[in-house]
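# Coordinate inspection notes
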Amino acid sequence: MSTDDTTPDGLIPAAVLASNTPVAVYGYARAKAGEEDRMLGEIQAIIGLTRKEEGCEQYVVHTTPDQPGAFAFYERWSSGAHLLAHVSQPFMQTYFAAIAGLVEGELEAHWLHPLS
């Protein structure tokens, strides 16, 4: 976990959190063999809650039958402050703790700079 104990180490760059303009991320995670259903359940538990948060412009998770346990995320937040509020939510703390033992390798995040 990071020094503020809200997200896995290094997942969100400081410049993203400081942004006053929209921020977006494409992320990828793969469940460990045998943990696909548990990972899916943890992800499904946060989708509706996340979409209701202030500043959440888009939150979508994709998977494919060809790669069970592979999940691609796309998020867009109104600002870095909104993203920080999101990852600080108690349900997100529970989520990060739960998936820590389910994810194969590290969570992958690619930070995007929306053109509009």
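Attention in this report is confined to the structure presented alongside it.

## Some thoughts on the overall build of the chain
For the chain, the helix and strand inventory stands at four helices and four strands. Taken from N to C terminus, the helices and strands of the chain fall in the order α-β-α-β-β-α-α-β. Projected onto its principal axes, the C-alpha positions of the chain cover 40 × 30 × 25 Å. Within the chain, contacts between residues at least 6 apart in sequence are counted, and of these 71% link residues at least 24 apart.

## Brief notes about the nonpolar core
Met39, Ile43, Phe73, Leu83 and Tyr95 are the most contacted members of the largest nonpolar core, which has 24 residues in total. Of all the secondary-structure elements, those providing two or more residues to this core are β1 (23-30), α2 (36-51), β2 (56-63), β3 (70-77), α3 (80-88) and α4 (90-99). When residues in this core are grouped by element, the largest group, five residues, is from α4. The residues touching Phe73, leaving out its near neighbours within four places in the chain, are Val25, Tyr26, Gly27, Tyr28, Ala29, Ile43, Tyr59, Val60, Val61 and Tyr95.

Criteria and cut-off values
Residues numbered from 1 in each chain as written. Predicted model: local features only at pLDDT ≥ 70, side-chain atom pairs only at ≥ 80, totals over all residues. Heavy atoms only, no water. Helix = DSSP H or I, 4+ residues; strand = E, 2+ residues; numbered from the N terminus. Contact = heavy atoms within 4.5 Å. Core = buried A, V, L, I, M, F, W, Y, C linked by side-chain atoms within 4.5 Å. Buried < 20%, exposed > 50% of the residue type's maximum accessible area, 1.4 Å probe, protein only.

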